[in-house]
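Here are the chains, one letter per residue:
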Amino acid sequence: MIKRALISVSNKEGLIEFAKGLSDLGTQILSTGGTAKALQDAGIKVTPVSDVTGFPEILEGRVKTLHPKIHGGILAKRDSEAHMQQIAELGIEPIDLVAINLYPFKETIEKPGVTLEEAIENIDIGGPSMLRSAAKNHKDVIVIVDPADYEPVIQELKEKGDIDITKRMKLACKVFKHTAHYDALTSDYLEKQLLAGEKETCKTIEFPNDLTLAYEKIQDLRYGENPHQKAAFYGEIGRHQGTLAGAKQLWGKELSFNNINDADAALKAVKEFDIPTAVGLKHTNPCGVASSDNIYDAYVKAYAADPTSIFGGIVALNRPVDAKTAQELVKIFLEIVIAPAFEPEALEILKTKKNLRLLEVDFNGKTDFGLDMKKVSGGLLVQELDTKDFNKEDLKVVTKRAPSEKEMQDLLFGWKVVKHVKSNAIVLAKDLVTVGIGAGQVNRIWPTEQSIAHAKDKAKGSVLASDAFFPFSDVAETAAKAGVTAIIQPGGSLRDEDSIQVCDKYNIAMVFTGMRHFKH
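Reading guide: rules and limits
Residues numbered from 1 in each chain as written. Predicted model: local features only at pLDDT ≥ 70, side-chain atom pairs only at ≥ 80, totals over all residues. Heavy atoms only, no water. Helix = DSSP H or I, 4+ residues; strand = E, 2+ residues; numbered from the N terminus. Buried < 20%, exposed > 50% of the residue type's maximum accessible area, 1.4 Å probe, protein only. Contact = heavy atoms within 4.5 Å. Areas by Shrake-Rupley, 256 points an atom, 1.4 Å probe, with all protein chains shown as cover. Arc of directions from axis to C-beta. Phe/Tyr/Trp six-rings, centres within 6.5 Å; stacked < 30°, edge-to-face > 60°. Lys NZ or Arg CZ within 6 Å of the ring centre and 35° of its normal. Salt bridge = Lys/Arg side-chain N within 4 Å of Asp/Glu carboxyl O. Domains from an automatic or database assignment. Buried area = accessible area lost by both parts, 1.4 Å probe. Pairing = 2+ DSSP bridges. Axes fitted to C-alpha atoms, helices over the stretch in contact; angles between N-to-C directions. Parallel < 35°, antiparallel > 145°, perpendicular 65-115°, else oblique. Nonpolar A, V, L, I, M, F, W, Y, C, P; charged D, E, K, R; others polar. Polar contact = N/O pair within 3.5 Å; in protein donor to acceptor, adjacent residues only side chain to side chain. Patch = residues over 30% accessible without salt bridge, like charges linked within 9 Å, V, L, I, M, F, W, Y side chains within 5 Å. Core = buried A, V, L, I, M, F, W, Y, C linked by side-chain atoms within 4.5 Å. Right-handed = clockwise from strand over helix to strand, strands pointing away.

With that out of the way, let us pick up the overall build of the chain. What the chain contains, in helices and strands, is 18 helices and 21 strands. Seen along its three principal axes, the alpha-carbon backbone of the chain occupies a region of about 95 × 55 × 45 Å. Counting only residues that meet the buried cut, the chain has 47% of its 520 residues in that class. For the chain, long-range pairs separated by at least 24 residues make up 56% of all intrachain contacts whose partners lie at least 6 apart in sequence. As presented, the chain carries roughly 26,300 Å² of accessible surface, and 51% of it is formed by carbon and sulfur atoms.

What follows is the structure, encoded as structure tokens:
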């Protein structure tokens, strides 16, 4: 028998029906503030918490339920004679059900122009305290934090007069997950306020001894990487702008696990470039990248760089899509097109492809913050995002011949691309277009040979970018035979001099960046 219930909710969804169900069962309802008023307005009898505590709400509502007559009523063990005798002597009555949802902190901090003071006032104190008390004593107290649980609980109470211990524990687990998420969201927000004045967030990143993350589910997915795997997509709260989590889908069927993973890789790659650039991508690896003075030419060149691999892939563009570009995009099968905008005529053209997904992303959103995380068996690897790069003035020419101005443009272009290719990675580029990409090999010579084989005659006169140093001279020797004229790589190998000598022998210009970009 549920004799007394305490209800205090900011989200009033389902409140009246739930409270009426309890009232019909003969339950006394205790409540506070706005919840009490909503129930009274609906004709439901309510006992104000202040009548129970004998103490008014104080400090603008900051203190109202933090009282022994509330927490004693929740935490008393019903099978303990000592507990029950003690609360009886103190005039405390047991509370059998607690239904709470918390101040809308997430909604508050997501409002434009919200102040720190306003955010702090929306940090709930009494709510989590009551929820945790009830969840701890779930054997004796039914605790509800999710309005979706109102109806099932009422139904079971009507049918059986109680709910079993397994369901009580499930509700308690939901509470502890909810309050942990709430606290993680709060600490994350306050930490961001501390970092707000920093120009380079990475300088102030600290890795705590205990890591709790605040994410919210954006959607369930049909399946994961493979059909036998279940999956869902979670977003980092407060950090959607400019990311895939904040993308607006304008057309096409639901995104899959692999779609989201690939689209994120394409978006990160295209955001490296300031001038009009198109990135074709398949299985998280760029297959064709090109920059030009307009987005149409950039896409046409990116497609021509690898018309085979781009089929069924993703295209990311860093300029709005016009009708002319859209006419080219619909000529082949693509899974996704990502862009900052789509002109109306272009949108109508692209919508002729029923299964093509169109994603509009805010390219002005700041995304060079936060952490990169990789799940491993039994743990989580956490690191800074790979957003740093060398300063151009720090480039070191290590060969007798320095790159020409044109070669340097291509070298810097290739360097931006190779950063987004799975290691070991080699990229050949010419005229701001990739002509050959070698990805994900277990040594450095194989991706070199792979990129040259793909480039064919275009390898002659191209430049080569490597994500890490050359452990042997074989890459330089193979590049020389293919007609590569310049190389950019991190340097730092004990055998650097071997590669330098080969480059000097074949009049190849080579520069060291002093920075590598592994991508595993």
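There is more to say after this.
Note on helix geometry: an α-helix contains 3.6 residues per turn, so any two residues three or four positions apart are oriented the same way. Among all positions in helix α1 (residues 15-24), only Leu 15, Phe 18, Ala 19, Gly 21 and Leu 22 are buried. An end-on view of α1 places all buried positions within 155° of arc, on one side of the element. Exposed and facing more than 90 degrees away from the buried side of α1 are Glu 17 and Asp 24. Buried residues along α1 sit in contact with β1 (4-9), β2 (28-31), α2 (33-41), β4 (97-101), β5 (142-144) and α9 (150-160). Count one or two residues on from α1 and you reach Gly 26, which has phi positive near 85°.

Here we come to the packing of aromatic side chains. Counted under the stated rule, the structure contains seven aromatic pairs. Members of the aromatic cluster, each reached through a chain of ring pairs, are Phe 105, Tyr 182 and Tyr 189. Across the ring face of Phe 363, the terminal group of Lys 271 is positioned such that the distance to the ring centre comes to 5.6 Å. We note Lys 324 situated over the ring of Tyr 296; from NZ or CZ to the ring centre the distance is 4.2 Å.

Within the structure shown, the criterion is met by 25 salt bridges. Where Lys 37 meets Asp 41, a salt bridge forms, and the shortest distance between an N and an O atom there is 2.9 Å. Of this pair, Lys 37 and Asp 41 both sit in helix α2, four residues apart, roughly one helical turn.

So, about the domain arrangement of the chain. Once the domains are mapped, the chain shows domain 1 (4-189), domain 2 (215-360) and domain 3 (392-512). Here the C-alpha centroids of domain 2 and domain 3 sit 28 Å apart. Contacts between the two partners involve 17 residues from domain 2 and, on the opposite side, 14 residues from domain 3. Buried surface at the junction of domain 2 and domain 3, both sides included, amounts to about 1,300 Å², of which 57% is carbon and sulfur. The tally of links between domain 2 and domain 3 comes to one salt bridge. Residues Glu 272 and Lys 419 are paired through a salt bridge, measuring 2.9 Å at the closest nitrogen-oxygen approach.

Let us now look at the sheet that holds β4. Read across the sheet, five strands follow the order β3-β2-β1-β4-β5 without closing on themselves; strand pairing throughout is parallel. In this open sheet, the two strands that pair with only one neighbour each are β3 (47-48) and β5. In terms of strand pairing, β4 meets β5 through three bridges, oriented parallel. When the bridges of β5 are listed, Ala 99 appears paired with Ile 144. Set on the sheet, α9 makes contact with β1, β4 and β5; between it and β5 the angle comes to about 155°.

Where α1 contacts α2, the two axes come as close as 10 Å, and the packing angle between them is 70°. Between α1 and α2, the interaxial angle falls into the category roughly perpendicular. Along the contact surface, α1 presents Leu 15, Ile 16 and Ala 19, while α2 presents Thr 35, Ala 38 and Leu 39. Residues belonging to the contact of α1 with α2 are distributed by class as follows: five nonpolar, one polar and no charged.

It is worth spelling out the side chain of Lys 106 at this point. One can find Lys 106 in helix α6 (residues 105-109). Here Glu 216 takes part through its side chain, which lies 3.3 Å from a polar atom of the side chain of Lys 106. In contact with Lys 106, other than residues within four places in its own chain, are Leu 185, Glu 216 and Ile 237.

For the rest of this paragraph, the subject is a nonpolar patch on the surface. A grouping of Phe 55, Ile 58 and Leu 59 is seen on the molecular surface, where their side chains present a nonpolar patch of about 280 Å² in accessible area. Tracing the chain through its elements places Ile 58 in the loop between α3 (49-53) and α4 (68-75).

For the rest of this paragraph, the subject is the nonpolar core. Core analysis: the largest hydrophobic core is formed by 51 residues, its most contacted members being Ile 7, Phe 18, Leu 22, Leu 97 and Ile 142. In terms of residue count, the dominant contributor to this core is helix α10 (residues 165-195) (seven residues). Apart from residues lying up to four places away in sequence, Leu 22 is in contact with Ala 5, Ile 7, Thr 27, Ile 29, Leu 97, Ile 154 and Leu 157. In terms of nonpolar packing, the next biggest core, distinct from the first, is built from 42 residues, Ala 231, Ala 265, Ala 269 and Phe 390 among them.

What follows covers the side chain of Ser 462. Among the secondary structure elements, Ser 462 is positioned in the loop between α16 (445-455) and β19 (463-466). Residue Ser 462 is classed as buried on the basis of its relative accessible area of 0%. Filtering out sequence-adjacent residues up to four positions away, Ser 462 remains in contact with Leu 428, Ala 429, Lys 430, Val 435, Gly 483, Val 484, Thr 485 and Ala 486.

Along the chain, the position of Lys 192 falls in helix α10. Between the alpha carbons of Lys 192 and Gly 370 there is a distance of 9.8 Å; along the sequence they are 178 residues apart.

It is worth spelling out the pairing of strand β11 (residues 314-317) at this point. Residue alternation in β11 divides its side chains into two sets, Ile 314 and Ala 316 and Val 315 and Leu 317, and both sets are buried. Inspection of the sheet shows strand β9 (residues 277-282) paired to β11 by four bridges, in the antiparallel sense. Bridge assignment links Ala 278 to a residue of β11, and that residue is Leu 317. As defined by bridge partners, β11 adjoins strand β12 (residues 336-339) across three bridges and the pair is classed as parallel. Note on β12: the bridge partner recorded for Ala 316 is Ile 338. The parallel pair β11 and β12 is bridged by helix α13 (residues 323-329), and the resulting crossover is right-handed.

The next subject is the pairing of β19. Successive side chains on a regular strand alternate, one facing one side of the sheet and the next facing the other. Burial of β19 is two-sided: the residues Val 463 and Ala 465 facing one way and the residues Leu 464 and Ser 466 facing the other way are all buried. Across three bridges, β19 lies against strand β20 (residues 486-489) in parallel orientation. Looking at the pairing, Val 463 lines up with Ala 486 of β20. Traced from β19 through helix α17 (residues 474-482) to β20, the parallel crossover comes out right-handed.

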